[in-house]
Amino acid sequence: MSIIQQQSIATLGDNWRTINIDLLDPESSSNFETTTLHPAFAPVSEDEVRTLGQQVRQLLRGGDAEGALKGALENAPYGGDNAVKDLHLQTVTEVLQGIKASEMTPMLQRIYGLDGGSDALDVLMKYLYKGMAASSAAPGKSSRGSTLTPQSTGAGFSQMGGRPGPPNENSGSAMSVLLSWHEKVVDVAGLGCVGRTMTDWRKV
Amino acid sequence: MSPPEVHHLFHAPIADHSFSADKQTLAVARDTGVELYSREGGGFKLKDELKGHDKTVTSVDIALESGRIVTCSQDRNALVWEPSPSGYKPTLVLLRINRAATFVRWSPSEAKFAVGSGARVIAVCYFEEENDWWISKHIKKPIRSTITTVAWHPNSVLLAAGSTDAHARVFSSFVKGVDDRPQPGVWGERLPFNTVCGEYLNNSAGWVHAVSFSPSGDVLAFAAHDSSITVVYPNGADQLPKAVVSVSTQLLPFMSLIWNGESEIIAAGYDCEAYRFKGGEGGWQLTGSLESKSRPGAADAREESAFNMFKQMDLKGKTKDDTKLTTVHQNTINTLRVYEGSTGGVRKFSTSGVDGRIVIWNA
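Residues numbered from 1 in each chain as written. Chains lettered and ligands numbered in written order. Predicted model: local features only at pLDDT ≥ 70, side-chain atom pairs only at ≥ 80, totals over all residues. Heavy atoms only, no water.

An unreviewed UniProt entry annotates chain B as Actin-related protein 2/3 complex subunit of Calycina marina. Of chain B, the UniProt comment under Subcellular location (unreviewed entry) reads exactly: "Cytoplasm, Cytoskeleton, Actin patch". According to the UniProt record, the Sequence similarities (unreviewed entry) comment for chain B reads "Belongs to the WD repeat ARPC1 family." (UniProt positions renumbered as here; feature names shortened; annotations may be inferred.)

Chain A is annotated in an unreviewed UniProt entry as Actin-related protein 2/3 complex subunit 5 from Calycina marina. Per UniProt, the comment on chain A under Function (unreviewed entry) is "Functions as component of the Arp2/3 complex which is involved in regulation of actin polymerization and together with an activating nucleation-promoting factor (NPF) mediates the formation of branched actin networks. Arp2/3 complex plays a critical role in the control of cell morphogenesis via the modulation of cell polarity development." According to the UniProt record, the Sequence similarities (unreviewed entry) comment for chain A reads "Belongs to the ARPC5 family."

If you want it as structure tokens, here you go:
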């Protein structure tokens, strides 16, 4: 980031109001490096996430919904860029949509009881919030673009391509699924889980 | 087990509270003043008010031996109140900070106190005889955000601090001429002022609300806004800790915690009740609440008459009065302190909260 936003040096005299003084002050709190608040993440490529997504879908089709959910949550691509993260969000959303309402609570309780299960549910909660944020923005152009990009560049088979329904209908049903999951996750993992979704710097 | 002793002092938040050594005097930070209550029979009676700050008082601490009271406030000042026959005499301490003072605690030796602040410094203050003046030295180095809490090591040299940059840190606050040279230990060998003996962060990196050394001083626990407590077992200077155990809970975040022996921690916060954790280097667990929900006072669930039920439905549109929490505290607990015993073995502890209550519990 340059010290002068938008303006060039030539116009500096007139536009001193646009100088970002925080950058000149090493003590300023806006220079807080938030990357120090989480461990360094290994970069994740789009292909890796795509392969993972296919494995997860295979498990889901094979009837092992719990395995699919665990696999998707344990390998959250923290180190990926936004496209990669959106791609994985699609995978997780699909798994969530593929699980029956009656199976949710017992499955969550089983996962919570496992070693590191509380962490898995924290990740799930992050995806629920991300999913709700994304689908509420779905009618707009920007997020549609971002969900479409991975498909058009994707080599070969993608399930999302098979459902070209109107975006509103899609997001509405996705939202209700996410909301019912949210309720169930809070029942099992408590409000602490929501708090951690907000404090955690490992964003999905 | 006898029920907890509940004192509802007033309808305003209590930022901090502190008992004198004989437990006869209770200091409570309320708004811009500090109220002193003395025990009379079963209750507490307002005796004196310490007026000296002109902004919200954030913290208060009574030195157990000397009886001196230190207070700090958002007006960026700390005051030391000296007991005298004609009442308490304040002395202003120049902290040299340009943001609010957030937290203050006497060192166990009572020769120093530490003030956390929003100016990203901890002011360590000590009395200088020649000048008849409190001097403050700043611990500054790696702190990048507001200090929310501090806690002293039993040797009065090491100081733990929690910050909104999500780190719990251990510093040396060694002041020549005031402190005895500390024994080398798990936190380091040589400890000049502002040595960073440890810097810890948990996975979800919530900001830190409370820190505390174990009774031996060799273990550090901190509670953060991600509803977790983290216990750190250090392994000597410049080495990775032996173990860092983090417990993520289903509850709301904890605001304060105390040790009860080396294998038990009591923490309380936004859930308005105190919880017990047990464990050791291998792992820690939440074992449950210290509040027995079936105490006689919890008569909310009693059988209502049909007449009463319809009356309630008519008046309020519902049959149950759910305006009261089932916990003793009716709002967030801010401070938890040992009341009777020591951190090595707590017999009773006291809590204060946003609801204006002081409650004394059996540990």
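Once you've had a look at it, read on.
### Concerning the UniProt feature "repeat: WD" (unreviewed entry) in chain B
Following the UniProt record, the feature "repeat: WD" (unreviewed entry) maps to residues 50-82 of chain B here. For residues 50-82 of chain B, the helix share is 0%, the strand share is 55%, and the end-to-end C-alpha distance is 11 Å. (Helix = DSSP H or I, 4+ residues; strand = E, 2+ residues; numbered from the N terminus.)

### A word on the confidence of the model for chain A
When pLDDT is averaged across chain A, the result is 80; 75% of the residues are at 70 or more. Low confidence marks residues 139-166 of chain A, where pLDDT is under 50. Its contacts with residues over four positions away, or in another chain, come to 28 contacts. (pLDDT = per-residue confidence, 0-100. Contact = heavy atoms within 4.5 Å.)

### Topic: the interface of chain A and chain B
Opposite the 19 residues of chain A that make contact, chain B presents 19 residues. Summed over both sides, the interface of chain A with chain B buries roughly 1400 Å², with 49% coming from carbon and sulfur. Counting across the interface, chain A meets chain B through zero salt bridges. With seven residues, the top contributor of residues to the side of chain A that touches chain B is helix 7 (residues 167-199) of chain A. Taken together, the residues that form the side of chain A that touches chain B break down as seven nonpolar, seven polar and five charged. (Buried area = accessible area lost by both parts, 1.4 Å probe. Salt bridge = Lys/Arg side-chain N within 4 Å of Asp/Glu carboxyl O. Nonpolar A, V, L, I, M, F, W, Y, C, P; charged D, E, K, R; others polar.)

### Looking at unusual backbone geometry
All names here are of chain B. Of note in this structure, Asp-31 is not a glycine but carries a positive phi near 55 degrees. Among the secondary structure elements, Asp-31 is positioned in the loop between strand 3 (25-30) and strand 4 (33-40). Exposure remark for Asp-31: the relative accessible area of 52% places this residue in the exposed category. Positive phi, normally seen in glycine, also occurs at Asp-132, with a value near 55 degrees. Assignment of secondary structure puts Asp-132 in the loop between strand 12 (122-128) and strand 13 (133-139). (Buried < 20%, exposed > 50% of the residue type's maximum accessible area, 1.4 Å probe, protein only.)

### What to know about the sheet that holds strand 9 (residues 87-93) of chain B
Residue and element names in this part refer to chain B. Pairing is antiparallel in the open sheet, where four strands are placed in the order 6-7-8-9. Two strands in the sheet have a free side with no partner beyond their single neighbour: strand 6 (57-62) and strand 9. The mean angle between the axes of side-by-side strands here comes to 20 degrees, regardless of whether they run parallel or antiparallel. By the bridge criterion, seven bridges tie strand 8 (residues 78-84) to strand 9 in an arrangement that is antiparallel. When the bridges of strand 9 are listed, Pro-83 appears paired with Tyr-88. (Pairing = 2+ DSSP bridges. Axes fitted to C-alpha atoms, helices over the stretch in contact; angles between N-to-C directions.)

### Brief notes about the side chain of Ser228(B)
Residue and element names in this part refer to chain B. Its location among the elements puts Ser-228 in strand 20 (residues 228-233). By relative accessible area, which is 1% here, Ser-228 ends up buried. In this structure the side chain of Ser-228 is engaged in a polar contact, spanning 2.6 Å, whose partner is the side chain of Asp-226. For Ser-228, the residues in contact, after removing those within four places along its chain, are Asn-202, Phe-222, Ala-223, Ser-246, Val-247, Ser-248 and Phe-254. (Polar contact = N/O pair within 3.5 Å; in protein donor to acceptor, adjacent residues only side chain to side chain.)

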